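Observations on chain architecture
Chain by chain, the residues run as shown.
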Amino acid sequence: MSTLNWRRDPDYEQRMKRLRRETEQIRKETEQLKRDNVRLRQLNARGRELLFSAEQLCSLPDTNSIPPRPTAPD
């Protein structure tokens, strides 16, 4: 019969705690990045809306530069 030459790894618990902390930190950062991405998509959409509105305003004929026609007296 043979005996196992097993020794407890003294650093195992410390490594596991560190890995759990790092995993939790990555999870938090990932969630923050997701929130940031949602906000950036909203801001980009708003920016596109504003650009479209500005293009529409700039492409309208300038009716203020044409003097109004005089009206005939009643």
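Preceding this paragraph is the structure being described.
A brief structural summary. Computed from a predicted structure; not experimentally measured. (Residues numbered from 1 in each chain as written. Predicted model: local features only at pLDDT ≥ 70, side-chain atom pairs only at ≥ 80, totals over all residues. Heavy atoms only, no water.)

Here we come to the overall build of the chain. Counting secondary structure elements, the chain contains one helix and zero strands. As displayed, the chain offers around 8000 Å² of accessible surface, 56% of which is attributable to carbon and sulfur atoms. (Helix = DSSP H or I, 4+ residues; strand = E, 2+ residues; numbered from the N terminus. Areas by Shrake-Rupley, 256 points an atom, 1.4 Å probe, with all protein chains shown as cover.)

A separate point is the pattern of salt bridges. The final tally for this structure, using the stated rule, is five salt bridges. Close ionic contact of aspartate 9 with arginine 15 constitutes a salt bridge, the shortest N to O distance being 2.6 Å. Under the relative-accessibility criterion, arginine 15 is labelled partly exposed at 32%. (Salt bridge = Lys/Arg side-chain N within 4 Å of Asp/Glu carboxyl O. Buried < 20%, exposed > 50% of the residue type's maximum accessible area, 1.4 Å probe, protein only.)

Everything listed is a geometric property; what it means functionally is a separate question.
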